[in-house]
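Read off the chains here:
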Amino acid sequence: MAKEFQFDLTGGQLALDLANTVSRRGDPERRKEHLESYRDLLVFARQAGVISPRQAGELHNYAEQRASQARRSFKEAIQLREAVYRAFSAVAQGKPASAADLQLITDSALKALQHRSLSRVNGGYRWEWEMKGSNLLDRILWPMSQAAADLLTSEQLRIVRFCEAPDCEWLFLDHSRNRSRRWCDMTTCGNRQKARRHYQRSRG
Ligand SMILES: [Zn+2]
């Protein structure tokens, strides 16, 4: 089996990590899609902690039996991702999210809520996502829609940033003390940018 792709989870919040599952978005020649199928989506969801490895296994088997349903869930996930990306990149640039994107996120989050229930854990209660029903394959979408709605309504909305590396276009939460983080990831984009600037300087 091919080695599993490792998603870069530097966004700091699930919705942003989802948005960042495309690399070099703005460059048609070098654009890299990391979600090609429902199976990729499962890998992302597991790595991001949205589902447990056991649930990923269950969903994987379920999806194998229901290819057209899996394709539909996958398509919905990509639509959600694109709306999330557009909404939060607008926000990062000080602009409002579009009405159409807000509507898509609203609809998706409302649908997700119907699949949540309170369950008793260690003497207390917590919200849990259903792991049954005819739209079981959408299970991985629900926490993502919820995460997008949560971030839109949270204080953290003000620290959503756009990576400054021109070919990156990833989003992240800037938790730095003076709100001055400029790159999604210092070791990749940050160093690349510094090297480029150095190169431009040395050429005069
Ligand atoms: Zn970057």
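Parameters and conventions
- Residues numbered from 1 in each chain as written.
- Predicted model: local features only at pLDDT ≥ 70, side-chain atom pairs only at ≥ 80, totals over all residues.
- Heavy atoms only, no water.
- Salt bridge = Lys/Arg side-chain N within 4 Å of Asp/Glu carboxyl O.
- Helix = DSSP H or I, 4+ residues; strand = E, 2+ residues; numbered from the N terminus.
- Buried < 20%, exposed > 50% of the residue type's maximum accessible area, 1.4 Å probe, protein only.
- Donors = N, O, S within 2.8 Å, 3.2 Å for Na, K, Ca; no water.
- Tetrahedral: all angles 85-135°; square planar, octahedral: opposite > 155°, others 65-115°.
- Phe/Tyr/Trp six-rings, centres within 6.5 Å; stacked < 30°, edge-to-face > 60°.
- Pairing = 2+ DSSP bridges.
- Expected span 1.5 Å × (residues − 1).
- Arc of directions from axis to C-beta.
- Contact = heavy atoms within 4.5 Å.

Caption draft 1: Local environment of the pattern of salt bridges. Scanning the entire structure with this criterion turns up 14 salt bridges. Arg-182 serves as the salt-bridge partner of Glu-164, at 3.0 Å between the closest nitrogen and oxygen. Here Glu-164, found in the loop between β5 (160–162) and β6 (171–173), pairs with Arg-182, found in the loop between β6 and α7 (186–202); they are 18 residues apart in sequence, far enough to count as distant. With relative accessibility at 43%, the residue Glu-164 sits in the partly exposed group. A relative accessible area of 33% places Arg-182 in the partly exposed class. Look at the salt bridges and you will find they share partners, linking Arg-25, Glu-33, Arg-81 and Glu-82 into a network.

Caption draft 2: Inspection of the coordination of the zinc ion at higher detail. The protein atoms donating to the zinc ion are Cys-163 (SG), Cys-168 (SG), Cys-184 (SG) and Cys-189 (SG), with metal-donor distances spanning 2.2 to 2.4 Å. The coordination sphere of the zinc ion comprises four donor atoms, whose angles at the metal cover 102 to 120 degrees; the geometry is tetrahedral. Read N to C, the donor residues that coordinate the zinc ion are spaced as C-x4-C-x15-C-x4-C. Accessibility assignment for this pair places Cys-163 and Cys-168 in one class, buried.

Caption draft 3: Highlighting the packing of aromatic side chains. A full pass over the atoms with the stated rule returns three aromatic pairs. When the centroid spacing of 5.2 Å and the interplanar angle of 70 degrees are considered together, the rings of Phe-7 and Phe-44 count as edge-to-face. Here the residue Phe-7 occupies a position in the segment before α1 (14–19), and Phe-44 occupies one in helix α2 (residues 38–47), the gap between them amounting to 37 residues. This pair shows no difference in class: Phe-7 is buried, exactly as Phe-44 is.

Caption draft 4: Fine view of the pairing of strand β4 (residues 124–129). One ladder, built from six bridges, connects strand β3 (residues 116–121) with β4; its direction is antiparallel. By the bridge assignment, Val-121 is partnered in β4 with Gly-124. Counted along the chain from β3 to the antiparallel partner β4, the turn is two residues long, and its residue Asn-122 has a positive phi close to 45 degrees.

Caption draft 5: Highlighting helix α3 (residues 53–65). Between its terminal C-alpha atoms α3 stretches 19 Å, which fits the 18 Å expected from 13 residues at 1.5 Å a residue. Residues Gln-55, Ala-56, Leu-59, Tyr-62 and Ala-63 constitute the buried set of α3. Seen from one end, α3 has its buried residues packed into an arc of 130 degrees, which puts them on one side. Facing away from the buried side of α3, by more than 90 degrees, are the exposed residues Pro-53, Arg-54 and Gln-65. As for α3, its buried residues are in contact with α2 and α4 (67–92).

Caption draft 6: Representation of unusual backbone geometry within the structure. A positive phi angle, close to 45 degrees, is found at Arg-24, a residue other than glycine. Among the structural elements, Arg-24 can be located in the loop between β1 (22–23) and β2 (32–33). Phi angles above zero are rare outside glycine, and Arg-179 is one such case at about 55 degrees. Along the chain, Arg-179 turns up in the loop between β6 and α7. By relative accessible area, which is 43% here, Arg-179 ends up partly exposed.

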